[in-house]
Amino acid sequence: YKFDHIPSVAHLSCVNYTRDEVAGLLDGLKAMGIENILALRGDMDPNHPPKTDFQYASQLIAFIKSRDNSFHLSGACYPEGHIESPDMVSDILNLKKKVDAGAEHLVSQLFFDNDDFYDFREKARIAGINVPIQAGIMPVLNKSQIERMVYLCGASIPKKLARMLSRYGDPPAARGARGEQLSYRVASGVEGIHLYTMNNAGVARAIFDRVSTLFTV
């Protein structure tokens, strides 16, 4: 749905849907006026066997494009490499497949060291990936949440933040570091910010208020 000027982005994943189910979802999204889709492979859950019509997000993107070219498609990218990828070169080549299939915009997995993102972005451009790349940031709300997400996605935690979390659990300084990190990203010319707030809209509002002077809305 749309709220005022904010467009919605539907998330579709390979592991959750068959081709026929995706086709039905596309028709429904079109009827509701949803124009943006984030196409993902999705996380494997050993307790729920995945659907097998699409093995990779690039296949899902190509299917959506072939069925209805009017959707604006986004894909995921991984500044430190996908946790299942053998190396960064392979990961970048797979990312290029998503873009070649029709992804017009990329959203990065969370990361905590800006240099990891800048290095990844340079590699992507060298590989011919020229679509906008949105930087992901996850506010530090509590230690256990951060540790769980790092375990799931393979992101690394800078030593300074690791010391804060180890000593204090959830220090105000760590929360502030995320705002500082976001400010640096905007200043470096990143093409959008994606906030991983874990369904906590108040966090997004607070961060936006803190850094709103950096943006032109």
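Only a predicted model underlies this, so the values are computations on that prediction, with no experimental measurement involved.

1. Thoughts on the packing of aromatic side chains
Counted according to the given criterion, the structure contains 4 aromatic pairs. Residues phenylalanine 54 and phenylalanine 63 carry aromatic rings whose centres are separated by 5.4 Å and whose planes lie at 55° to one another, so their mutual orientation is tilted. Centroid distance phenylalanine 117 to tyrosine 118: 6.3 Å. Interplanar angle 70°. Geometry classified as edge-to-face. A relative accessible area of 0% places phenylalanine 117 in the buried class. The exposure class of tyrosine 118 is partly exposed, given its relative accessible area of 24%.

2. Remarks on the packing of helix α1 (residues 19-32) against helix α2 (residues 57-67)
α2 packs onto α1 with a crossing angle of 50° between their chain directions and a minimal axis gap of 11 Å. By the angle between their axes, α1 is oblique relative to α2. Taken as a pair, α1 and α2 cross one another with a handedness that is right-handed. Between α1 and α2, the residues in contact are Arg19, Val22, Ala23, Leu26 and Asp27 and Leu60, Phe63, Ile64 and Arg67, respectively. Looking at the contact of α1 with α2 residue by residue, the class counts come to 6 nonpolar, no polar and 3 charged.

3. Some points on the nonpolar core
The biggest cluster of nonpolar side chains holds 19 residues, and the ones touching the most others in it are Leu12, Val22, Leu26, Ile37, Leu60, Ile64 and Phe71. Elements represented by at least two residues in this core include exactly β1 (9-13), α1, β2 (36-40) and α2.

4. A short note on helix α3 (residues 88-101)
Since one α-helical turn is 3.6 residues long, residues separated by three or four positions face the same way. Taking 1.5 Å per residue as the helical rise, α3 with its 14 residues ought to reach 20 Å, and the 20 Å between its terminal C-alpha atoms agrees with that figure. For α3, the set of buried residues is Asp91, Ile92, Leu95, Lys98, Val99 and Ala101. Residues of α3 that are buried in the fold lie against α2, β3 (72-77), β4 (105-110) and α4 (114-126). In this structure aspartate 87 caps α3, since a side-chain oxygen of it lies 3.2 Å from the backbone nitrogen of valine 89. A positive backbone phi angle near 135° is found at glycine 102, which sits one or two residues after α3.

5. Section: the sheet that holds β3
Within a sheet, neighbouring strands are paired by backbone hydrogen bonds and run either parallel or antiparallel to one another. Spatially, 6 strands are ordered β1-β2-β3-β4-β5-β6 in an open sheet, and the strand pairing comes out parallel. Two strands close off the open sheet at either side, each with one partner strand: β1 and β6 (193-195). Ignoring which end each strand starts from, the neighbouring axes of this sheet average 30° apart. Judged from the 3 bridges that link them, strand β5 (residues 133-137) and β6 form a sheet pairing that is parallel. Opposite glycine 136, over in β6, you have histidine 194 as the bridge partner. Against the sheet, α1 contacts β1 and β2, and its axis sits at roughly 175° relative to β1. Here α2 sits on the sheet and contacts β1, β2 and β3; the angle it forms with β2, its principal contact strand, is near 145°.

About the thresholds
Residues numbered from 1 in each chain as written. Predicted model: local features only at pLDDT ≥ 70, side-chain atom pairs only at ≥ 80, totals over all residues. Heavy atoms only, no water. Phe/Tyr/Trp six-rings, centres within 6.5 Å; stacked < 30°, edge-to-face > 60°. Buried < 20%, exposed > 50% of the residue type's maximum accessible area, 1.4 Å probe, protein only. Axes fitted to C-alpha atoms, helices over the stretch in contact; angles between N-to-C directions. Helix = DSSP H or I, 4+ residues; strand = E, 2+ residues; numbered from the N terminus. Parallel < 35°, antiparallel > 145°, perpendicular 65-115°, else oblique. Left-handed = near helix turned anticlockwise from the far one by under 90°. Contact = heavy atoms within 4.5 Å. Nonpolar A, V, L, I, M, F, W, Y, C, P; charged D, E, K, R; others polar. Core = buried A, V, L, I, M, F, W, Y, C linked by side-chain atoms within 4.5 Å. Expected span 1.5 Å × (residues − 1). Polar contact = N/O pair within 3.5 Å; in protein donor to acceptor, adjacent residues only side chain to side chain. Pairing = 2+ DSSP bridges.

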